[in-house]
Amino acid sequence: MTDPRLTRRDMLASALGAGAFFLLPEVARAQQAAAQDAAGFGPAEPFSFDQLRDVARSLANESYVPMQVADGDILEKIDYDRHNQISFRKERALWNQSGTSPVQFFFPGKYFPEPVHIYTVENGMAREVPFSTDYFDIPDDNPARALTRTEGFAGFRVQDQPGGDDWMAFLGASYWRTSGYSGQFGLSVRGLALDTAIPDGPEEFPRFTRFWLEQAGGGDLTAYALLESPRATGAYKIASTRGDEGVAQDVEAQIFLRGDVERLGIAPLTSMYWFGKPDAHVAPDWRPEVHDSDGLEIHTASGERIWRPLNNPPRTMANSFYTPGVKGFGLMQRERSFDEYQDDGVFYEKRASAWIQPKGDWGDGSVTLVELSTDDEIHDNIVAMWTPTGPAGKGREYNVGYRLTWFEDNPVPPNAARFLATRIGAGGIPGQPRPEGVVKIVCDFENHGFEELTRDPGIRPVVTASRGTVGGFAAYPVVDEDYWRAIFDLDFSSIPEDDDTPIDLRMFVEVDGESRTETWLMQLFPSQMRTLLASRP
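Regarding empty space enclosed by the protein
Part 1: Enumeration according to the criterion identifies 3 cavities of 30 Å³ or more in this entry.
Part 2: Counted as a void, the largest cavity has a volume near 130 Å³.
Part 3: Elements with a minimum of two residues in the lining of the largest cavity: β20 (305-309) and β27 (419-426).
Part 4: It is β27 that contributes the most residues to the lining of the largest cavity, 3 residues altogether.
Part 5: Its residues assigned to classes, the lining of the largest cavity shows 7 nonpolar, 3 polar and 4 charged.
Part 6: Considered as a void within the structure, the second largest cavity measures approximately 100 Å³ in volume.
Part 7: Together, Pro-278, Asp-279, His-281, Asn-311, Ile-424, Met-522, Gln-523, Leu-524, Phe-525, Gln-528, Met-529 and Leu-532 line the second largest cavity.
Part 8: At the level of elements, β34 (519-524) and α6 (526-535) are the ones that each hand at least two residues to the lining of the second largest cavity.
Part 9: Class assignment of the residues belonging to the lining of the second largest cavity gives a composition of 7 nonpolar, 4 polar and 1 charged.

Observations concerning the layout of surface pockets
Part 1: Roughly 1400 Å³ of internal volume is contained in the largest pocket.
Part 2: In terms of lining, the largest pocket is formed by 44 residues, of which the most central are Phe-112, Leu-171, Arg-177, Ile-378 and Asp-380.
Part 3: Of all the secondary structure elements, the ones that give two or more residues to the lining of the largest pocket are α5 (80-84), β8 (166-171), β9 (175-178), β10 (188-190) and β25 (382-388).
Part 4: Counted by class, the lining of the largest pocket contains 22 nonpolar, 11 polar and 11 charged residues.

Notes on the sheet that holds strand β30 (residues 469-477)
Strands belonging to one sheet form pairs held by backbone hydrogen bonds; the direction of such a pair is parallel or antiparallel.
Part 1: Ordered by their spatial adjacency, 4 strands build an open sheet running β27-β28-β31-β30, and the pairing between neighbours is antiparallel. Looking at the sheet topology across the chains shown, the edges are occupied by β27 and β30. Here the strands of the sheet are splayed against their neighbours by 15° on average, with no regard to which way each runs.
Part 2: Sheet analysis places β27 next to strand β28 (residues 438-446), joined by 7 bridges and oriented antiparallel.

Describing the packing of aromatic side chains
Part 1: Considering all chains together, one arrives at 32 aromatic pairs under this definition.
Part 2: Look at Phe-107 and Phe-136: their rings are 4.8 Å apart centre to centre, the planes differ by 90°, and that puts the pair in the edge-to-face class. In this pair, Phe-107 is assigned in the loop between β3 (103-106) and β4 (117-122) and Phe-136 in strand β6 (residues 136-137), connecting sequence segments 29 residues apart.
Part 3: Accessibility expressed as a relative area gives 3% for Phe-136, which makes it buried.
Part 4: Relative to Phe-275, the ring of Trp-274 has its centre 5.1 Å away and its plane inclined at 75°; by these criteria the two rings are edge-to-face. This pair shows no difference in class: Trp-274 is buried, exactly as Phe-275 is.
Part 5: In this structure an aromatic cluster arises from ring pairing among Phe-88, Phe-105, Phe-107, Phe-131, Tyr-135, Phe-136 and Phe-153.
Part 6: The ring of Tyr-135 is capped by Arg-92, whose NZ or CZ atom sits 4.2 Å from the centre of that ring.
Part 7: In this structure, Lys-350 is placed above the aromatic ring of Phe-347, and the distance from its NZ or CZ to the ring centre is 4.6 Å.

Some words on the pattern of salt bridges
Part 1: Using the criterion set out here, one finds 34 salt bridges in the structure.
Part 2: Between Lys-277 and Glu-340 there is a salt bridge; the shortest N-O distance is 2.5 Å. One end of the pair, Lys-277, is in the loop between β17 (273-275) and β18 (290-291); the other, Glu-340, is in the loop between β22 (328-332) and β23 (353-358), and 63 residues separate them in sequence.
Part 3: Each of the salt bridges in this network shares a partner with another, and the network as a whole consists of Lys-277, Glu-289, Glu-335 and Glu-340.

With respect to helix α3 (residues 49-59)
Part 1: Most of α3 is tucked away, with 8 of its 11 residues classed as buried.
Part 2: Buried within α3 we find Phe-49, Gln-51, Leu-52, Arg-53, Val-55, Ala-56, Ser-58 and Leu-59.

What to know about α6
Note: α-helices contain 3.6 residues per turn, so residues at a spacing of three or four share the same orientation.
Part 1: Turning to α6, its buried residues are Pro-526, Gln-528, Met-529 and Leu-532. What you see down the axis of α6 is that its buried residues fit within an arc of 160°, all on one side.
Part 2: As for α6, its buried residues are in contact with β27, β28, β31 (483-491), β32 (503-511) and β34.

Analysis parameters
Residues numbered from 1 in each chain as written. Predicted model: local features only at pLDDT ≥ 70, side-chain atom pairs only at ≥ 80, totals over all residues. Heavy atoms only, no water. 1 Å grid on protein atoms, 1.4 Å probe; cavity = no way out; pocket = protein on both sides within 12 Å on 5 of 7 lines; lining within 4 Å. Points joined across faces, edges and corners; volume = space filled by probe spheres on them. Helix = DSSP H or I, 4+ residues; strand = E, 2+ residues; numbered from the N terminus. Nonpolar A, V, L, I, M, F, W, Y, C, P; charged D, E, K, R; others polar. Pairing = 2+ DSSP bridges. Axes fitted to C-alpha atoms, helices over the stretch in contact; angles between N-to-C directions. Phe/Tyr/Trp six-rings, centres within 6.5 Å; stacked < 30°, edge-to-face > 60°. Buried < 20%, exposed > 50% of the residue type's maximum accessible area, 1.4 Å probe, protein only. Lys NZ or Arg CZ within 6 Å of the ring centre and 35° of its normal. Salt bridge = Lys/Arg side-chain N within 4 Å of Asp/Glu carboxyl O. Arc of directions from axis to C-beta. Contact = heavy atoms within 4.5 Å.

Structure representation (structure tokens):
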């Protein structure tokens, strides 16, 4: 029987010549071990992003062959506690000198067994950094000491100075994170999402299997990555820059599909939302809010700005917002006061907002938001991504570029007042009997464009609902504060108790018939609103 790994790599070696050393069979790698220098690095081979793109394109025409997990029985024993006993030797970091961004490696283990190969790039030449336990301090009784065949690390992290704080990390599948504007890690991003939250099949998680790291001036770093999975390959260039506002990354991705995909997610963002002001009743927790992000922001080609507060829904939900030629989208953390969270351990108020700004026209498509139900803050249950219109079939290629910012706020200035917080409570009028099956929705928004205005009947929220009825509209400045408030009631009493179809709401605030705010969107579930009302005395 023909070995598919040999067929695949022989083809690539033939196509790319000597520059494809990093994909040659392991036997060839062993034959060239003598070329390693005193630092233990592999021999220098030509490297470029164009070459990496050719490799990804070629791989897409071959059957998927996963990386071999050597020493799998030993890695299985390196659980969470055992893994935490292993520490990287700081003096072994790449570029371990002032003015650079030193790189340390993650040790493989039970939860990250697949090998990741890492190379350095300098002056167009790449050299592999072979895996070795010599990079780590390992306790004598730790099973990691028995590794003999493992060939790759689990990922890597980047520091701001030798022995300093981490500001970027790649670990697991195609995920990466940065410390953003505040030094506080929070949400993460992915290279690609395949069939996230579809009803008829499991999600596929493409992996970055190889990285080529290149230092730039001032401690900036460019990471080139090869993405592989059963139905996709990709070549990625991620150029990271740190500045006063936070971390900015220019991403270029060439994606090749080797199989059909029902829901393709480009530039996916992943976050955590347990509860906030609208749904604090779902969590038995002492803190007022727990989330890495509180909303999805979208900028459309027409100039409309959309704000969609996040949910912890009773079941998995996927919503698509049709936005051809999208100008940007992101998972944002807008509330920045410690009092909103009261957590002095993880500081949710310091979590960065992640904003995707496309380079060029991405064409026809939608921003897709996936929300999964969760009962704890340890689970990432939110995904936001761009989904192109049309079938994502075998043989399709996608070439996308975008700027990803990890700032405190959106780098694009607002063109209308932005919503800050959403609250939900019992409807009706205080002091009078509260009607059953009615909630009051209260939305605070900035005074951008409202600075010179006072309370006036010509200023009102315009609300539409997919189910139920709305009424009791009002919009006014909050006394002694620099923001405004919009309120209305939603009557869902006519909806049968066994019908939990969500209610979609849309609202903006107009001044004399002209919209002056973002478009606020919300999805509410009758079952959760009934629970909320039942929890109130």
